[in-house]
Amino acid sequence: MAIVEVSRVAFTTFQLSRVAYWWWKAYEEGRPADAAPLIWDHFSDMFLRECVPQTLRDAWRIEFEQLHQGTISVSEYAIRFSELCLHAPAFVSTGRERVRRFIEGLDYGLRFSMARELEMDTLYQQVVEIAWRLEGMRGLEIEDRKAKRPRDSGGYSGARAPVAARHAHLAQPLSSAPPAWGAFSRQSSRPGQDQFQQPCPPRACVLCGDTRHMVRDYPRLRRGAPPQTTHALRIPQSP
């Protein structure tokens, strides 16, 4: 473990530049030659104290307390969470507390789906991976719903038509023309007789009323004699 801590310090100090580089250079020159290797916790405390103002660290701590995913992705939220928790070690003193803080900052849908991870003492890296997978699955589900919706303008829009439009057919005016003879059937009130319809009256000659010929076949007109009405037009009456 000590070798790992020393390696972290060496890797970090190799990347320092400008003010941080000159600070580290002066520190190394002032250290005794037989001093013990510097471990990571000691180095990070010194670096923050010398190179990062206290006001800035306080601002980062407040931002960490109020950190929520919002509109960013899970990956972006996890990166920002890891950056800010370095300035608020008291809030993530244990692995369980770190996991709880991370899950509580997720949006409601992911937070609700990951309630079991709080009870199972899941590792932080596994929690981040689970949240990332759930976010991907939810994105695919949203895309499938959009693909199933009609693309044309005449498709279902999700809104019901107004009441007046739905019942417009009930307000259409009735025709003023009288119905043709025999258009309606006279139905009996007795059961079993609704299928019978009253027959239409037979067609007859308009001059004599005879049903055996029409006016174009009138006998006297064929012989050139003036027409004579033998009897008035008789229209059968309904019983």
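Residues numbered from 1 in each chain as written. Predicted model: local features only at pLDDT ≥ 70, side-chain atom pairs only at ≥ 80, totals over all residues. Heavy atoms only, no water.

The next point concerns the overall build of the chain. Looking only at helices and strands, the chain has 11 helices and 0 strands in total. Relative to its 239 residues, the chain shows a buried fraction of 19%. Nonlocal contacts in the chain, meaning residues at least 24 apart in sequence, comprise 46% of its contacts between residues at least 6 apart. Carbon and sulfur atoms provide 57% of the accessible area of the chain, an area that totals close to 18,900 Å². (Helix = DSSP H or I, 4+ residues; strand = E, 2+ residues; numbered from the N terminus. Buried < 20%, exposed > 50% of the residue type's maximum accessible area, 1.4 Å probe, protein only. Contact = heavy atoms within 4.5 Å. Areas by Shrake-Rupley, 256 points an atom, 1.4 Å probe, with all protein chains shown as cover.)

The interhelical angle for the contact between helix 5 (residues 74-85) and helix 6 (residues 95-104), taken along N-to-C directions, is 135°, at an axis separation of 11 Å. Between helix 5 and helix 6, the angle falls in the class oblique. The two elements helix 5 and helix 6 meet at a crossing, and its hand is right-handed. Every residue of helix 6 that contacts helix 5 at Tyr77, Ala78, Phe81, Ser82 and Cys85 is listed here: Arg98, Arg101 and Phe102. Residues that form the contact of helix 5 with helix 6 fall into these classes: 5 nonpolar, 1 polar and 2 charged. (Axes fitted to C-alpha atoms, helices over the stretch in contact; angles between N-to-C directions. Parallel < 35°, antiparallel > 145°, perpendicular 65-115°, else oblique. Left-handed = near helix turned anticlockwise from the far one by under 90°. Nonpolar A, V, L, I, M, F, W, Y, C, P; charged D, E, K, R; others polar.)

Below, the discussion takes up the side chain of Arg57. Looking at where Arg57 falls in the secondary structure, it is placed in helix 4 (residues 54-65). Buried within the structure, Arg57 lacks any salt-bridge partner; Asp58 is the closest side chain of opposite charge, at an N-O distance of 6.5 Å. Polar contacts involving the side chain of Arg57 include one to the main-chain carbonyl oxygen of Val52, which spans 3.5 Å. For Arg57, the residues in contact, after removing those within four places along its chain, are Leu48, Arg49, Val52 and His87. (Lys, Arg positive; Asp, Glu negative; His and termini not counted. Salt bridge = Lys/Arg side-chain N within 4 Å of Asp/Glu carboxyl O. Polar contact = N/O pair within 3.5 Å; in protein donor to acceptor, adjacent residues only side chain to side chain.)

Our focus in this paragraph is the confidence of the model for the chain. Should the pLDDT be low somewhere, the predicted coordinates at that spot are not to be read in detail. Mean pLDDT for the chain: 75, with 64% of residues reaching 70 or above. Of all helices and strands in the chain, the one with the weakest mean pLDDT is helix 10 (residues 163-166) (55), whereas helix 5 scores best (92). Segment residues 229-233: pLDDT under 50, and 8 contacts once partners within four positions in sequence are set aside and those in other chains are kept. (pLDDT = per-residue confidence, 0-100.)

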